[in-house]
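Here is how the chains run, residue by residue.
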Amino acid sequence: MSEVVKKFLYVNRKAPYGTIYALEALEVVLIGAAFDQDVSMAFLDDGVFQLVKDQNTKEIGVKNFSPTFRALGDYEVTKLYVEAESLAERGLTEDDLQEIVYEDEDDDWAEKPSIRIVSRDEMAAVMADQDVILSF
Amino acid sequence: MKFGIVVSEGPYTHQASDTAYHFAKAALEAGHEVPRVFFYHDGVNVGTRLSVPPQDERNIQANWTALGKAHGIDLVICIAAAQRRGLLDENEASRQGKDANNIAEGFRISGLGQLIEMGIQTDRLMTFGD
């Protein structure tokens, strides 16, 4: 669709429910996938809660959109950076997150994890490497 | 330099749409370009023509309409966010079977693709929000 390929980073800082930012951020990512850009997502602060497994929103009457994260691989969104310090500060570990994988077309479609746990310093380097950052 | 601007908070409740306006105005006065402003989340509410702020307050929508007109800025309201929050143009109102529309002069409703396109086509993307 476009000849220019830029590095897009979608930064998710807020909890999945309570405000609409997380859901509307994901809508941007899904639409943006059609533009064939180099897309990454970052999860930090309360944003790490977006990836927690076994979410159940029945009692609060809003849609549980967390299964959509598992479809990101089909949209070629395969780099989900999660900040280790944000997890630890909230008493979470990688085991609390849902498994998100993609099929690597350059490696005989082997299934690989999309979630990459990075330190705060590494996250800063990821951000510094981008052309366009959208923060939610 | 070409600036793309995202406004992601609603008018009056939050400073974002004001600060974005002042930034855009200053950038244009300094000789930069602002081809498009994209209104997302509650920011879509900037584009209603039915807001009537007290006369001794700034009118955020009117400010944007005037700036857009003076400099040919494409003021885009996200359709998905707008539908949730009751922002409709004539086409959308008729398509959704609603009895009114409320979009202000100079604004148009379009898709999230316009946001991504703005990121691709500008030199810097600035987000005004929380």
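In this text the structure is predicted, and so the values were computed from the model without any measurement.

A.B. asks: Mind showing me how you'd approach the pairing of strand β4 (residues 101-104) of chain A here?
C.D. replies: Every other side chain in a regular strand lies on the same face of the sheet, so the side chains alternate between the two faces. Residues and elements named next belong to chain A. Of the two faces of β4, only one is covered, namely that formed by Tyr102 and Asp104; the face formed by Val101 and Glu103 stays uncovered. In this structure, β4 lies alongside strand β5 (residues 110-113), joined through four bridges in antiparallel fashion. From the neighbouring strand, Tyr102 faces β5, where its bridge partner is Lys112. Turn length for the β4-β5 hairpin, with the two strands adjacent in sequence and antiparallel, is five residues, and the turn residue Asp108 shows positive phi of about 55 degrees.

A.B. asks: Looking at this model, I keep getting lost on the interface of chain A and chain B. Mind explaining?
C.D. replies: Interface size is often expressed as the accessible area that is lost when the parts come together. Of the residues lining the interface, 22 residues belong to chain A; the matching set on chain B comes to 20 residues. Carbon and sulfur atoms make up 62% of the surface buried where chain A meets chain B, a total of about 1,700 Å² over both sides. When the area that chain A buries against chain B is broken down by residue, the three leading residues are Tyr21(A), Glu24(A) and Phe35(A), summing to 30%. In this structure, Arg84(B) engages Glu24(A) in a salt bridge whose closest nitrogen and oxygen atoms are separated by 2.9 Å. Summed over the shared surface of chain A and chain B, the result is nine residue pairs in polar contact (both at pLDDT 80 or more). At the level of secondary structure, the elements contributing two or more residues to the side of chain A that touches chain B comprise β1 (7-12), α1 (21-32) and β7 (132-135) of chain A. At eight residues, the largest contribution of residues to the side of chain A that touches chain B is made by α1(A).

A.B. asks: Which parts of the structure should I look at to understand the nonpolar core?
C.D. replies: Considering soluble globular proteins, one finds that nonpolar side chains tend to be buried as a cluster. One finds Tyr10(A), Met41(A) and Trp64(B) to be the most contacted residues of the largest nonpolar core, which totals 67 residues. Looking at which element gives the most residues to this core, the answer is helix α1 (residues 16-29) of chain B, with six residues. The contact partners of Trp64(B), leaving out residues within four places of it in the chain, are Val7(B), Ser17(B), Ala20(B), Tyr21(B), Ala24(B), Val37(B), Phe39(B), Val46(B), Leu75(B) and Phe107(B). Counting residues in hydrophobic clusters, the runner-up holds eight residues, among them Leu9(A), Leu44(A), Tyr81(A) and Met123(A).

Reading the values: the criteria
Within each chain, residues carry numbers counting from 1 in the order of the written sequence. In the order they appear in the text, chains get letters beginning with A and ligands get numbers beginning with 1. Thresholds applied to this predicted model are a pLDDT of at least 70 for local features of residues and 80 or more for the giving and counting of side-chain atom pairs; totals over whole chains, interfaces and linings are not thresholded and use all residues. Hydrogens and water are ignored here; the side-chain numbers use all heavy atoms of the structure. Relative accessibility decides the category of a residue: with a 1.4 Å probe and only protein chains considered, values under 20% of the type maximum give buried, values over 50% give exposed, and everything between is partly exposed. Helix and strand assignments follow DSSP, with helices taken as H or I runs no shorter than four residues and strands as E runs no shorter than two, numbered in order from the N terminus. Here, a strand pair is defined by DSSP locating no fewer than two bridges between the strands. Here a residue-residue contact requires only that any non-hydrogen atoms of the pair lie within 4.5 Å. Summed over both partners, buried area is the accessible surface (1.4 Å probe) that two parts give up on being assembled. A carboxyl oxygen of Asp or Glu within 4 Å of a side-chain nitrogen of Lys or Arg is what we treat as a salt bridge. Residues adjacent in sequence count toward polar contacts only when both atoms are side-chain atoms; beyond that, a polar contact is any pair of N or O atoms within 3.5 Å, and within protein one must be able to donate a hydrogen and the other to accept it. By convention a nonpolar core is built from buried Ala, Val, Leu, Ile, Met, Phe, Trp, Tyr and Cys residues, the set being connected through side-chain atoms within 4.5 Å.

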